[in-house]
Amino acid sequence: MSHPAAPTSLDKLNKFKFKRLINEDPLTHSLILLGSFPVPVDGSTESEDVMAIVRIEKTALDPAQAQHLFADDGIVKRIALEESTDIYTWLFGWLGEDRERDIKINVICPATDIHIRKYTKQEVFMVRETPELYESTVKPYITAFPAARTQWVENILLGLSEQNKVLYSSPDFMILPDMKWDLKTISSLYLVALVQDRSIRTLRDLRRRHVSLLKAIRREGERVVQEKWALGKGSLRMYVHYQPSYLNANQAGMMGMTVGQAHLLDDIISLEPLRSGAPSHKDWEALKSAVNGRLFEGVPFAHPCFTQGFNSTECVAVQTSYVDEVARSNVAAAYIQTQWETCQTSDDRCLLSYTDPRDQSPTMPPNKCGLGSIPERFIDVRTAEDVAAAFRFSKRTKVPLVIKNTGHDYKGRSSAPRSLALWTHNLKDISYNPDFVPEGCSKANPGVTVGAGVQWGEAYAFAEAHNITIVGGSDRSVGVAGGWLQGGGHGALSNTMGLGVDRVLEFKVVTPDGHYRTANECQNKDLFFALRGGGGGTFGVVLESTLLASPQVTLQTVIVAFSPITARTNELWSILADNGLQWADEGWGGFSTSGIAILINPGSNKEAASKSMEPLVDFGRRLQREGVASAQVIQTEFPSWGTFFDMFTKDHVAVVGSSLALASRLISKRNFKTPANRSALVSGLLAADAATPGLIILISAPSSFPSTGQTSVTDAWRSSVYHVTVVSAWNWNATVDEKQGHYSAVSRSIDNLRAITADAAYLNEADVYEPNYQVAFWGEHYPELLRIKKKYDPHHLLDCWQCVGWNPKSPRFACYLPEENNVTDWDVYHSYSKQGFDIPIQRRVQSRNYRRRDVSGSTGLGVDSDVLYTVPVELGNSVAAVNIDTGSSDLWVVSDACQTDACKGSSVARYPLSTAKLTGTDVKLLYGDSTTGTFASGAVGLETTSVAGVAIEDQPFGLINATDNQIVQFQTAGILGLGFPSGSKIQEARVIGKFGPQVNTDDFIRATATDGPLLSRIAMTGELEQPMFSITLQRSTIDIGGEGVLTVGKLPDGVDSSSLTWVPVRLYDVENGGLGPPIFAPDEASSPPLHPGENTLIPIRPGLEVSTSTQCSRWEIDLDGVFLDGRRVVDSTIPPVGVNPGRITALIDTGNSILRGPEDMVNAIFKIVSPNFDPANVDENPPVPCSVPHTLAFQIGGKMFPVDPRDFIGPRADGDTTTCVADTLIDTDAPRKGSLYRWSLGDPFLKSNLVAFYYGNLTHPSVDPPRIGFLSTVPSNADDLLRQAVEDAKNNGAPPDPTNSTETLVVAPTASAAAAADITVSLPPTPSGMVTRTVNVDARPPTSTSSVKVDSENAAFALAPSLRFGFWVCAYIALLLLV
Ligand SMILES: Cc1cc2nc3c(=O)[nH]c(=O)nc-3n(C[C@H](O)[C@H](O)[C@H](O)COP(=O)(O)OP(=O)(O)OC[C@H]3O[C@@H](n4cnc5c(N)ncnc54)[C@H](O)[C@@H]3O)c2cc1C
């Protein structure tokens, strides 16, 4: 009998009192309700409620009805199309009227046999897929898939379909909703990640290099769902389909993951074979046999102390020699600076305390002994064949190779986690030949030939025994022929006898192709050049080298020592500085720290030495007379370098067994020239020593050694006197923050010298995070070194930190710490930075009212502009709001002498000509295209100029005395051109003023540092995080930067470089208006050309002979195609003028308020959006229905970048909410010399996309080429927003403002008013913490990235989490591999 409350009839069921929904399950189409039913109370007419659970599930579809579903009078009454791509369409259906949608319909049409088989019911068997079965059956099956089957994936990846759905996109992968998801029900949320790498077809294609990709998918997936749906990390189940089509065939209709079909992403990421690259045991055995058994495992130096007991004999031996550099250099897995034995990022280590190796605590639990960065295996190298075998092994297995000699490297270049090391220590042969003739040459020289394992202590002893001198370093255990020699090699004799690289006669080297080569002045000359300063570990494995031997030298020596206090050190270093040039000329070399100076001279005699050293000796004697503690003066002569070295190394033992950060600077002769220079130098030295005590002045630059010009170290060595180092050490238990603190401490400390010296450092002893390291280490030689690297190591088998051609993304660098400010973007890591900043962009508005073909191409540059974007620039004591323009390169402001009509009507504050520092040069600047055009002319002045507080002295700028440019009537004082130096008319005028009209490329490029455009000069100072700026021109409702932000030196905060699509800047050859390569960098011409007719890598420059009216600075990029509403617009056939038809390119121009394109394409677009469009009627803009959205999209780098439909149209007339006009598109000139682009994409495009402009290396673009990055900011519901805007306008009785129906635009105050207000611009954290600067800008509230608003509408991305609702939910992200 049923319970009295049981609802056995509909009447009773209808009495259900609903309380709440307690569960829902879209998979089973069920809801579970909680409520109650009434039950009569015995003996009474009353009733009481009894709790009840009701589960309602939709019944299965009736197979008997299958044939009646679709027909004129079929069961399905109504449908709605959801999406259709390629052969797949999905819809929703209704089985009757006035009801919620009942069914979801997926259609595959045309369906192939495979589809039919896939969807036909089958029996399921589990098959264990062995690697062999995969190779024999599965792989051929997958390979045979016809392209059409994966076309839908291709379409998405190529940006041809479903782009409005994309939630995240990077060059590597995209995330978007799976088609099985209804896009609404959060509890069944289902997203897919599609990877761009077509070589990943199944799980079995995943390799170690893909782990970072998988991690990025995990990271971005979590971020997307957090930001879009407020779902926490635990809500997601992420898995990889194992070739889904194949298995889905058996699981049709199943959503989610099924054992055997899917594998958890986390599990895959943690798989050991993926993490280790895992060559098999067989592989290792084969290698071992190839190297005659000399392959062994890396065992940390301190290992016995963790495994054999702290008091064991083995551990006591370790304790005793823990800080002994010779002992360490004899052990394969030991390094002199112990951080390079550890993994700094994961803290995997096996260390003792260097201050007290007898302290047991480092070995006590939970401390463990881990391999850290120590190579997993070592080959004890004895022959060239050993090295060749290692290269073959590394090429095949991808196990990273390192070359380890003594392990002295300060930058960790001789260790790497999970690597194979070539240990050269036992190549100890050494011989002397008084008549050494390099192979293939004829000239004989005395030469000492050393095996790659010989150390300086051994070499000096050998030289002493043979009565000769060889020039080496100041430490006995550093290797002769490894990193020391190949990185430069300085010593106290270098002043007169040269650097190591100056004295090398020959190398024997195995290059990564396995060839054993001889490199000298007569053969393999390029390799010889590269090995003479290009850095160790880069071009090959040197097995031996021959160094020039000189006769023994007697050394005049003066040593002054005392216990240091700042005043005394100041006096000592002032004496060194005051006499620096003279002593360098006389041949003095040596060392100095805060309490000692040791000077030696191999080319002097006692009398001359005494006279010369008088100031130093007098100082020492005075200290002695004054009774200063430990004051000593030694004046003596040593009969040879060896005898001096023995004495010296007795007292000067290197710090080893510690972890150490170092930084270096070369101090040029210029720093000694004037009293002011010398005083600045001494102050810089004292400040650096105070910041990080332990500064060493190495008087070891080859300042009086005649250079052969054949070495690849930076030429700055030749004009330098000192090389200065600073250090900061830490012990075994330092935290990550503390380690980062030490690295940044030395970097900040050396900044005291960076500020006053040229950009030059010694690569072996430099800041691990040396900014602009290519220039600092190699100067102008870097491009040539890169070419040689590519020639000899095309498969990139050798790699090391900040080495020529390195790949910062390589997993071998996983143990290097990011800089203190947490730079984790390894993509841009090589261009370290000191700062980047945001400047709010101010928008000036004027109503749009112009005729087609009657508009200037430039916002603010023409009479009918509608929107100006300005930023404040400080010129001396005044602030000017200037229009930002990526289409030009010059800064100008209107002066008080301007009397043209445009100026007369302007209320903008003018720059007073009378107070200006004029250069005597005039300039005329032209803007616009052939139908429109404006000018600005006047004098060139110099002024300290700054943006966001970053000041550049003597910045040339235009003081405009005449202009027809109407921007000055809209509270805009001038223009800030952000184009390349090569397009700067002011730089050109300055250079011609200095050198006359026959200016060559070299003069022009060199002048960039002093006369170039403001932002280029700031970029060249190395002060920026990255040499770039980015621009967002959003409406205030579309975020990132509110009204817009000009971000200099970095991307806006929260924007990841990998989320942008980066494309190269178009390069012009000389015939097309480009600039030929300078003599100092001839290889900036690319051979073979990158594209036909493009043989220069210098970005785009009008050769000076080109008409001065031609603007040639171009942020110009390739366009893959132009699309309207998803269909490609036929490319233009209008012939270019005087140049060959080339690729289709577009100028990205913030100074252009509209979109400009070729007339035939523009007309074709108008004909589609405006059926009655008449090309002959230039008086009227094409009318378009206001509420019909049109998407004009530009395909760039394989991805679509649409213009928001709201930016495509504008209102036609007051009160008209029906008909609008397509007024943001007009036609422009055909390509011509100096202007090869067909499209110019102005503000509508920039409002829809964040665009990053990356200058790269402005003098050596091949080192770091210019490029542009794009990120679409168009919300996925932009169409709806347009319709809503029109609807709102109708309801409000106002004309639609499609750009923003609710926005109130305020005309900004004038520049003079702006000067009165202070706002705070926040800079990114620097090593010393967050810096804020106060600058005078405009009075409106700042819109820096710190106040980014979340765009809840923006499906494409939002920068901060939007917390709308959240509940635990089982959601999915599936990584769909290509099937
Ligand atoms: C205590 C101390 C004192 C120093 N004094 C001086 C000095 O007076 N003057 C000076 O100029 N420098 C000096 N240095 C810096 C020294 O030049 C560098 O540390 C140098 O990198 C050491 O080279 P290495 O071969 O001995 O060391 P390793 O760490 O074994 O190697 C350093 C780099 O060279 C590469 N390498 C090593 N051998 C080979 C080879 N055979 N073929 C190709 N690449 C190879 C390695 O892969 C690595 O990239 C000193 C360093 C220390 C620690």
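Residues numbered from 1 in each chain as written. Predicted model: local features only at pLDDT ≥ 70, side-chain atom pairs only at ≥ 80, totals over all residues. Heavy atoms only, no water.

As recorded in an unreviewed UniProt entry, the chain goes by the name FAD-binding PCMH-type domain-containing protein, listed as coming from Tricholomella constricta.

Turning our eyes to something else, we now look at the pattern of salt bridges. The full count for this structure, using the stated rule, is 42 salt bridges. Taking the shortest distance from any N to any O, the salt bridge between Glu162 and Lys165 comes out at 3.6 Å. Taken as a pair, Glu162 and Lys165 share a single burial class, namely buried. Of the charged contacts in the structure, one is a salt bridge between Arg678 and Asp578, with a shortest N-O distance of 3.0 Å. With a gap of 100 residues between them, Arg678 in helix α22 (residues 675-691) and Asp578 in helix α18 (residues 566-586) connect regions that are remote in the sequence. Classification of Arg678 by relative accessible area gives buried; the value is 18%. (Salt bridge = Lys/Arg side-chain N within 4 Å of Asp/Glu carboxyl O. Buried < 20%, exposed > 50% of the residue type's maximum accessible area, 1.4 Å probe, protein only. Helix = DSSP H or I, 4+ residues; strand = E, 2+ residues; numbered from the N terminus.)

So, on to the state of the cysteines. Tallied over the entire structure, the rule returns seven disulfides. Each disulfide pairs two cysteine sulfurs, and for Cys305 the partner residue is Cys315, the sulfurs being separated by 2.1 Å. On the S-S bond that ties Cys305 to Cys315, the torsion sits near 100°, and the link is right-handed. Residue Cys305 is found in helix α10 (residues 303-307), and its partner Cys315 is found in helix α11 (residues 313-321); the two are separated by 10 residues along the sequence. (Disulfide = S-S within 2.5 Å.)

Mapped onto the elements of the fold, Gln486 is located in helix α15 (residues 483-487). Taking the relative accessible area as the measure of exposure, Gln486 reaches 3% and is therefore buried. Gln486 has contacts with Ala481, Phe507, Leu531, Arg532, Gly533, Gly534, Gly535, Gly536, Gly537 and Val542, leaving out every residue within four places of it along the chain. (Contact = heavy atoms within 4.5 Å.)

As a further point, take the confidence of the model for the chain. For the chain, mean pLDDT is 80; residues scoring 70 or higher make up 82% of the total. Ignoring residues within four places in sequence, the model shows residues 1035-1042, a span with pLDDT below 50, making 37 contacts including any to other chains. Here residues 1295-1379 is a poorly scored stretch, pLDDT under 50, and it has 255 contacts once near neighbours within four places are set aside; other chains count. (pLDDT = per-residue confidence, 0-100.)

The next subject is the site of the ligand. Residues in close proximity to the ligand total 31 residues, the closest being Ile403, Asn405, Thr406, Ser414 and Tyr762. Interatomic distance of 2.7 Å between a backbone N/O atom of Asn405 and an oxygen atom of the ligand. Within the side chain of Thr406, one N or O atom sits 2.5 Å away from an oxygen atom of the ligand. Here the ligand has 940 Å² of accessible area as a free molecule, and 98% of this is covered by the chains. Elements with a contribution of two residues or more to the shell around the ligand: β14 (401-404), α15 and β21 (541-548). Top element by residues in the shell around the ligand is α15. It accounts for three residues. (Near = heavy atom within 4 Å. Polar contact = N/O pair within 3.5 Å; in protein donor to acceptor, adjacent residues only side chain to side chain. Areas by Shrake-Rupley, 256 points an atom, 1.4 Å probe, with all protein chains shown as cover.)

The grouping of Phe18, Leu21, Leu31 and Ile56 at the surface amounts to a nonpolar patch, some 370 Å² of accessible area in total. Checked against the element boundaries, Leu21 lands in strand β1 (residues 17-25). (Patch = residues over 30% accessible without salt bridge, like charges linked within 9 Å, V, L, I, M, F, W, Y side chains within 5 Å.)

This part is about the nonpolar core. Counting 120 residues, the largest nonpolar core has Trp456, Trp573, Leu599, Leu616, Trp641, Ile697 and Tyr722 as its most contacted members. If you tally residues by element for this core, the top one is α18, at seven residues. Setting aside residues no more than four positions away along its own chain, Trp456 makes contact with Ile470, Val471, Gly472, Gly473, Asp475, Arg476, Val478, Gly479, Val480, Trp484 and Leu547. Judged by nonpolar contacts, the second largest core, of 88 residues, contains Leu875, Leu925, Val1169 and Cys1220. (Core = buried A, V, L, I, M, F, W, Y, C linked by side-chain atoms within 4.5 Å.)

Axis separation between α18 and helix α20 (residues 614-625) bottoms out at 10 Å; the angle between their running directions is 165°. Compared by their axis directions, α18 and α20 come out roughly antiparallel. Taken as a pair, α18 and α20 cross one another with a handedness that is right-handed. Residue-level contacts link Arg568, Glu571, Leu572, Ile575, Asn579 and Trp583 of α18 to Pro615, Leu616, Phe619, Arg622 and Leu623 of α20. (Axes fitted to C-alpha atoms, helices over the stretch in contact; angles between N-to-C directions. Parallel < 35°, antiparallel > 145°, perpendicular 65-115°, else oblique. Left-handed = near helix turned anticlockwise from the far one by under 90°.)

Let us look at the sheet that holds strand β6 (residues 103-108). Each strand in a sheet pairs with its neighbour through backbone hydrogen bonds, running either in the same direction (parallel) or in the opposite one (antiparallel). Overall, antiparallel pairing links the three strands, which are arranged β4-β5-β6 in an open sheet. Of all the strands in the sheet, just β4 (78-85) and β6 have a single pairing partner and so form its edges. For this sheet, the mean inter-axis angle between neighbouring strands, taken without regard to orientation, is 20°. Pairing analysis gives six bridges linking strand β5 (residues 88-94) to β6, with the strands arranged antiparallel. Bridge assignment links Leu91 to a residue of β6, and that residue is Ile105. (Pairing = 2+ DSSP bridges.)

With that settled, the discussion passes to unusual backbone geometry. Cis geometry is adopted by the peptide bond preceding Pro110, which originates at Cys109 and carries an omega value of 0°. By the element assignment, Pro110 lies in the loop between β6 and α2 (113-119). Across the junction of Pro365 and Pro366, the peptide omega takes the value 5°, indicating a cis bond. Checked against the element boundaries, Pro366 lands in the loop between α12 (325-329) and β13 (377-380). Of note, Asp954 is a non-glycine position whose phi angle comes to about 50°, a positive value. Topologically, Asp954 is positioned in strand β37 (residues 950-963). Owing to a relative accessible area of 33%, Asp954 belongs among the partly exposed residues under this scheme. Even without being a glycine, Asp1125 presents a positive backbone phi close to 45°. Among the residues examined, Asp1125 registers a relative accessible area of 36% and is labelled partly exposed.

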